[in-house]
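What the coordinates show
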Amino acid sequence: DAKTTQPTSMDCAEGRAANLPCNHSTISGNEYVYWYRQIHSQGPQYIIHGLKNNETNEMASLIITEDRKSSTLILPHATLRDTAVYYCIVSAYSGSARQLTFGSGTQLTVLP
Amino acid sequence: EAQVTQNPRYLITVTGKKLTVTCSQNMNHEYMSWYRQDPGLGLRQIYYSMNVEVTDKGDVPEGYKVSRKEKRNFPLILESPSPNQTSLYFCASSSRGTGANVLTFGAGSRLTVL
């Protein structure tokens, strides 16, 4: 699986958009970009994933650059409950292989 | 509610006393996995199972056993726990039919081995 690079930490004001970047310059054509988050020792929570196109769901938007070497997770109106560690993971799906490898992630702190 | 349930959530035990952490999912998922999380080391996979009676080692399997006799259950067994197995453990599951690695995690089990 391709390696990802994320900032160690970020702050965001409550009510503003939180934009979390992720670099994955060695991504290959069949690898998806996944985002998970973990709120203070709770189980990680799936947020969103994408292959080439931008994606949006009720939690967030995922913007993937045209060359797919980087992506941005956008939380449109961050709340205090969005304070968490956010993991960007790149992985190809394989029905017989081990799945996701979680790195260090970005600690997002939403400030009041 | 679709969920992965782990028990116990908290456990303090002593070296050498066998213990089992149970994991159950109600989503009919084929894939199940165990992770441990330690400060500075992130989430590391212990064992995983692609389906009933099919299990395989992850990155840190030493000192652990698993079984998958039923689709919904994937217990983690520590035959002779040692202090270096003090950690936060997570069970996760996913459906192979989605074509993507969307994992549902349990709430975690915090284990302390004295």
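Here's a quick rundown of the structure. (Residues numbered from 1 in each chain as written. Chains lettered and ligands numbered in written order. Predicted model: local features only at pLDDT ≥ 70, side-chain atom pairs only at ≥ 80, totals over all residues. Heavy atoms only, no water.)

Concerning the overall build of chain B
Looking only at helices and strands, one finds 0 helices and 11 strands in chain B. Written out in order from the N terminus, the α and β elements of chain B read β-β-β-β-β-β-β-β-β-β-β. For a compact globule of 114 residues, the expected C-alpha radius of gyration is about 13 Å, and chain B comes in at 13 Å, within 12% of that figure. In terms of its C-alpha atoms, chain B occupies a principal-axis envelope of roughly 40 × 30 × 25 Å. In chain B, buried positions account for 50% of the 114 residues. Restricting the contact set of chain B to residue pairs at least 6 apart, pairs at least 24 apart contribute 53%. Averaging the positions of the 13 positive and the 9 negative side-chain charges in chain B gives two centres separated by 4 Å. (Helix = DSSP H or I, 4+ residues; strand = E, 2+ residues; numbered from the N terminus. Rg over C-alpha atoms; globule rule 2.2 N^0.38 Å. Buried < 20%, exposed > 50% of the residue type's maximum accessible area, 1.4 Å probe, protein only. Contact = heavy atoms within 4.5 Å. Lys, Arg positive; Asp, Glu negative; His and termini not counted. Charge placed at Lys NZ, Arg CZ, Asp CG, Glu CD.)

Section: the pattern of salt bridges
Under the counting rule described, the total for this entry stands at 5 salt bridges over all chains. Two residues, D82 of chain A and R37 of chain A, come together in a salt bridge whose shortest N-O distance is 2.8 Å. Here D82 of chain A, found in the loop between strand 7 (70-75) and strand 8 (84-92), pairs with R37 of chain A, found in strand 3 (residues 31-38); they are 45 residues apart in sequence, far enough to count as distant. Look at R37 of chain A and you get buried, because its relative accessible area is 11%. Of the charged contacts in the structure, one is a salt bridge between E79 of chain B and K18 of chain B, with a shortest N-O distance of 4.0 Å. Here the residue E79 of chain B occupies a position in the loop between strand 8 (76-78) and strand 9 (87-94), and K18 of chain B occupies one in the loop between strand 2 (10-13) and strand 3 (19-25), the gap between them amounting to 61 residues. According to the relative accessible area criterion, E79 of chain B is partly exposed, its value standing at 35%. (Salt bridge = Lys/Arg side-chain N within 4 Å of Asp/Glu carboxyl O.)

Here's the deal with the interface of chain B and chain A
Each partner contributes residues to the interface: chain B has 23 residues there, and chain A has 21 residues. Buried surface at the junction of chain B and chain A, summed over both partners, amounts to about 1,800 Å²; 49% is from carbon and sulfur atoms. Its largest share of buried area at the contact with chain A, chain B owes to L43, N101 and F105 of chain B, together 31% of the area lost on that side. Secondary structure elements with two or more residues in the side of chain B that touches chain A: strand 4 (31-38), strand 5 (42-51) and strand 9 of chain B. (Buried area = accessible area lost by both parts, 1.4 Å probe.)

A few points about the side chain of Q38 of chain A
As for its position among the elements, Q38 of chain A is in strand 3. Q38 of chain A gets classed as buried once you look at its relative accessible area, which sits at 4%. A polar side-chain atom of Q38 of chain A sits 2.8 Å from the main-chain carbonyl oxygen of Q42 of chain A. Setting aside residues up to four positions removed in sequence, Q38 of chain A forms contacts with P44, A84, V85 and Y87 of chain A together with Q37 and F90 of chain B. (Polar contact = N/O pair within 3.5 Å; in protein donor to acceptor, adjacent residues only side chain to side chain.)

Overview of the state of the cysteines
Under the defined criterion, the tally for this structure stands at 2 disulfides over all chains. One disulfide bridge connects C22 of chain A with C88 of chain A, the sulfur atoms lying 2.1 Å from each other. A torsion of -80° about the S-S bond marks the disulfide between C22 of chain A and C88 of chain A as left-handed. In this pair, C22 of chain A is assigned in strand 2 (residues 18-23) and C88 of chain A in strand 8, connecting sequence segments 66 residues apart. Residue classification places C88 of chain A among the buried residues on the basis of a relative accessible area of 3%. Each disulfide pairs two cysteine sulfurs, and for C23 of chain B the partner residue is C91 of chain B, the sulfurs being separated by 1.9 Å. Of note, the bridge from C23 of chain B to C91 of chain B carries an S-S torsion of about -75° and is left-handed in sense. A residue pair is termed long-range when its members are at least 10 positions apart, and C23 of chain B in strand 3 and C91 of chain B in strand 9 qualify at 68 residues. Taking relative accessible area as the criterion, C91 of chain B reaches 0% and is therefore assigned buried. No disulfide involves C12 of chain A; its nearest neighbouring cysteine sulfur is the one of C22 of chain A, lying 18 Å away. Here C12 of chain A falls in the buried class, since its relative accessible area comes to 8%. (Disulfide = S-S within 2.5 Å.)

With respect to a nonpolar patch on the surface
A surface patch of nonpolar side chains, about 320 Å² in accessible area, is lined by I12, V14 and L114 of chain B. Take L114 of chain B: it is sitting in the segment after strand 11 (109-113). (Patch = residues over 30% accessible without salt bridge, like charges linked within 9 Å, V, L, I, M, F, W, Y side chains within 5 Å. Areas by Shrake-Rupley, 256 points an atom, 1.4 Å probe, with all protein chains shown as cover.)

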